[in-house]
Amino acid sequence: MSIAYPSLNPTLNVPPPPKKDGIKKWFAETKTSIAGDLVRSPDDDLFIEIERYVDRLEKQMKNVSTQASNLVKKGKEISTGLFEFGLAFNILGQSEADELGSALCKMGSTADELSNL
């Protein structure tokens, strides 16, 4: 009876490393060879300049968006204020019976129309 013992030479029992095929192998080799050979070009400077411009533009657009939102909010507040102003003048005009009452009602309806703009 013979017993199989592992070889004392470790290199004989180690399976070979898996091989990369085709495009994966080419990409890995190219990436390695290009990594040390990078050189700045004038296009790099242009790209950096454009990147800075876009970053500044993004900050400005956020600022514009915030300001526009604030303007819309203020417009709604003014509209509500004009509506309440017109309502108050209408009620005041209804409490007066003469020409003053009709003038106050006209003022109230005008303020109400302005609140709808």
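Engineer: Can you help me understand the overall build of the chain in this one?
Structural biologist: Along the backbone of the chain there are 4 helices and 0 strands. Ordered by position in the sequence, the α and β elements of the chain form the string α-α-α-α. Counting the 117 residues in the chain, one finds 6% classified as buried. Accessible surface, the chain as shown: approximately 10800 Å² in total, 63% of it carbon and sulfur.

Engineer: Mind showing me how you'd approach the pattern of salt bridges here?
Structural biologist: Oppositely charged side chains can form a pair if their charged atoms are brought close together. Applying the stated criterion across every chain, the model contains 2 salt bridges. One salt bridge in this structure joins K62 and E58, with 3.9 Å as the shortest N-O distance. Of this pair, K62 and E58 both sit in helix α3 (residues 42–95), 4 residues apart, roughly one helical turn. The class of K62 is exposed, set by a relative accessible area of 54%. For E77, the salt bridge is made with K74, and the minimal N-O distance between the two is 3.8 Å. A residue pair is termed a helical-turn pair when its members lie 3 or 4 positions apart in one helix, as E77 and K74 do in helix α3 at 3 residues.

Engineer: Help me understand helix α4 (residues 99–115), please; the structure alone is not making it clear to me.
Structural biologist: Since the α-helix turns once every 3.6 residues, residues separated by three or four places project in the same direction. With 17 residues, α4 extends 24 Å from end C-alpha to end C-alpha; this agrees with the ideal 24 Å at 1.5 Å per step. Those residues of α4 lying buried are G101, L104, G108, A111 and S115. End-on, the buried residues of α4 take up no more than an arc of 90°, which puts them together on one face. Those residues of α4 that are exposed and aimed more than 90 degrees away from the buried face are E99, K106 and E113.

Engineer: Explain the packing of aromatic side chains here, please?
Structural biologist: The way to describe two aromatic rings as a pair is by their centre distance and the angle between their planes. Within the structure shown, the criterion is met by 1 aromatic pair. Ring centres 4.6 Å apart and planes at 55° place the aromatic pair F85 and F89 in the tilted group. Of the two residues, F85 and F89 are both situated in helix α3; the distance of 4 residues between them amounts to about one turn of the helix.

What counts, and where the lines are drawn
Residues numbered from 1 in each chain as written. Predicted model: local features only at pLDDT ≥ 70, side-chain atom pairs only at ≥ 80, totals over all residues. Heavy atoms only, no water. Helix = DSSP H or I, 4+ residues; strand = E, 2+ residues; numbered from the N terminus. Buried < 20%, exposed > 50% of the residue type's maximum accessible area, 1.4 Å probe, protein only. Areas by Shrake-Rupley, 256 points an atom, 1.4 Å probe, with all protein chains shown as cover. Salt bridge = Lys/Arg side-chain N within 4 Å of Asp/Glu carboxyl O. Expected span 1.5 Å × (residues − 1). Arc of directions from axis to C-beta. Phe/Tyr/Trp six-rings, centres within 6.5 Å; stacked < 30°, edge-to-face > 60°.

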